[in-house]
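Take a look at the letters that make up each chain.
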Amino acid sequence: MIDVAIQLSVSDGKRRFDLDAAFATEAPVVALYGPSGAGKSLTLQAIAGLLTPRAGHVRVGGKVLFDAAQSVNVPARDRQVGYLFQSYALFPHLTVRENIAFGLTSWVKRLAPEDARRVDELIESFGLSAMARSRPATLSGGQQQRVALARALACKPQVLLLDEPFAALNPMLRQQLRDELAAVRQRVGIPMVMITHDIDDVLALANIAFLMEGGQVVREVDLDRAESRERVRSALNVEPARRARPNEILLRAMLGKGKAP
Ligand SMILES: Nc1ncnc2c1ncn2[C@@H]1O[C@H](COP(=O)(O)OP(=O)(O)OP(=O)(O)O)[C@@H](O)[C@H]1O
């Protein structure tokens, strides 16, 4: 269960943005979808504890991570949240293995034997064994994404937050890594909240999509409902003129961004 209701404002002196976002769902894969500047990244940062809302709450899997009324604000490092940043944010001077192990170590704490085993398992299961001693700059985009994903999972998160997980990848690789991510989610069994601009990501991975606009959640589409599925499935039979991206046309219509065919 992910239950988010947050109000916060950010300002750089000249501009101010007010976020007032709320959504709650039992669905395992949640997409936050919407135009640039809608407040999706700020929402993810507030869930992770990187930003503190002035009001509201963040509850994940029955745990209260933030509740303004009850003065609860679990520090980011204790939230058990895995965060995959848009550009992966890998440390260029560390090897693949060191990157994955990073959150499990510190200046004073060396990698414990059980953590080292976990890191090695992740390296193996993400197909990174051959490059475990390489640095990120020598890896392909897809390999870098796998390292970032393995790093996000290393500290056994209770939820995985993904900010545009496929944005940096070419279209061919994107489909392959969507499949891999779906398989990883099945394997680790934790919920995911994913930001995306790409309708195909929503269709391939999400159980529910929340459309964000102007700092608010303005609509939800339950992709598990038979009716929604039927509309998406019927997209495959639309006339040739619309065949370029039929899924996009339909989902845009459902999310209120255009006309249904
Ligand atoms: N510190 C800040 N000061 C002022 N405005 C900010 C600050 N941080 C973010 N914003 C603004 O808040 C709005 C929402 O930002 P956010 O990054 O959440 O958008 P987004 O929906 O994730 O967009 P994108 O899809 O382009 O990443 C944007 O207009 C952004 O410019």
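Residues numbered from 1 in each chain as written. Predicted model: local features only at pLDDT ≥ 70, side-chain atom pairs only at ≥ 80, totals over all residues.

Per an unreviewed UniProt entry, the chain is named ABC transporter ATP-binding protein, and its organism is Piscinibacterium candidicorallinum.

Q: For this particular structure, what's the right way to read the site of the ligand?
A: In the vicinity of the ligand, the contacting residues are Val10, Ser11, Asp12, Arg15, Phe17, Ser36, Gly37, Ala38, Gly39, Lys40, Ser41 and Leu42. Contributions of two or more residues to the shell around the ligand are made by β1 (2-11) and α1 (40-48). Element by element, the count of residues in the shell around the ligand is highest for α1, at three residues. For the shell around the ligand, the residue count by class is four nonpolar, five polar and three charged. (Near = placed C-beta within 6 Å. Helix = DSSP H or I, 4+ residues; strand = E, 2+ residues; numbered from the N terminus. Nonpolar A, V, L, I, M, F, W, Y, C, P; charged D, E, K, R; others polar.)

Q: Explain the nonpolar core to me, please; I cannot follow it from the model alone.
A: Side chains that are nonpolar tend, in soluble globular proteins, to be buried together. In this structure, Val30, Leu161, Val193, Met194, Ala206 and Ala209 are the most contacted members of the largest nonpolar core, which totals 65 residues. In terms of residue count, the dominant contributor to this core is helix α4 (residues 141-154) (seven residues). Every residue in contact with Val30, bar those within four places of it in the chain, is listed here: Ile2, Thr25, Met192, Val193, Met194, Ala206, Ile208 and Phe210. (Core = buried A, V, L, I, M, F, W, Y, C linked by C-beta atoms within 7 Å. Buried ≥ 20, exposed ≤ 12 C-beta atoms within 10 Å, placed from the backbone. Contact = placed C-beta atoms within 7 Å.)

Q: Which parts of the structure should I look at to understand the sheet that holds strand β2 (residues 16-25)?
A: Adjacent strands of a sheet pair through backbone hydrogen bonds, lying either parallel or antiparallel. The strand order across the open sheet built from five strands is β2-β1-β4-β5-β6, with neighbouring strands paired in antiparallel fashion. Each edge of the sheet is formed by a strand with only one pairing partner; in this case those strands are β2 and β6 (72-73). Strand direction decides the pairing type here: strand β5 (residues 63-67) and β6, joined by two bridges, are antiparallel. Across the sheet, Asp67 pairs through a bridge with Val72, a residue of β6. Along the sheet, α1 contacts β1, β2 and β4 (55-60); its crossing angle with β1, the most-contacted strand, is approximately 115°. (Pairing = 2+ DSSP bridges. Axes fitted to C-alpha atoms, helices over the stretch in contact; angles between N-to-C directions.)

Q: For this particular structure, what's the right way to read α4?
A: Within an α-helix, residues lying three or four positions from one another point in the same direction, as the helix has 3.6 residues per turn. Here α4 contains 14 residues, and its C-alpha end-to-end distance of 20 Å stays within 8% of the 20 Å for a straight helix at 1.5 Å per residue. With respect to burial, α4 is a largely interior element, eleven of its 14 residues being buried. The set of residues buried in α4 consists of Gln144, Gln145, Arg146, Val147, Ala148, Leu149, Ala150, Arg151, Ala152, Leu153 and Ala154. The secondary structure elements touched by the buried residues of α4 are β7 (81-84), α2 (96-101), α3 (113-125), β8 (159-163) and α5 (171-188). In the stretch just after α4, Lys156 is the one whose phi turns positive, near 50°. (Expected span 1.5 Å × (residues − 1).)

Q: Teacher, can you tell me more about the packing of α4 against α5 here?
A: Each pair of packed helices gets described by two things: the angle between the helix axes and the distance between those axes. Two elements in contact, α4 and α5, have axes whose closest approach is 11 Å; the angle formed by their N-to-C orientations is 20°. The angle between α4 and α5 falls in the class roughly parallel. Two packed elements cross with a definite hand, and for α4 against α5 that hand is right-handed. Within the contact between the two elements, α4 uses Gly141, Gly142, Gln145, Leu149 and Leu153 and α5 uses Leu173, Leu177, Val184 and Val188. (Parallel < 35°, antiparallel > 145°, perpendicular 65-115°, else oblique. Left-handed = near helix turned anticlockwise from the far one by under 90°.)

Q: Is there a simple way to think about the sheet that holds β7 in this case?
A: If you trace the six strands from one edge of the open sheet to the other, you get β7-β8-β9-β3-β10-β11, paired in mixed fashion. The open sheet terminates on both sides in strands that have one partner only, identified here as β7 and β11 (216-222). Sheet twist, expressed as the mean angle between neighbouring strand axes with direction ignored, is 20°. By the bridge criterion, five bridges tie strand β3 (residues 29-33) to strand β9 (residues 192-196) in an arrangement that is parallel. The partner of Leu32 across the bridge, within β9, is Ile195.

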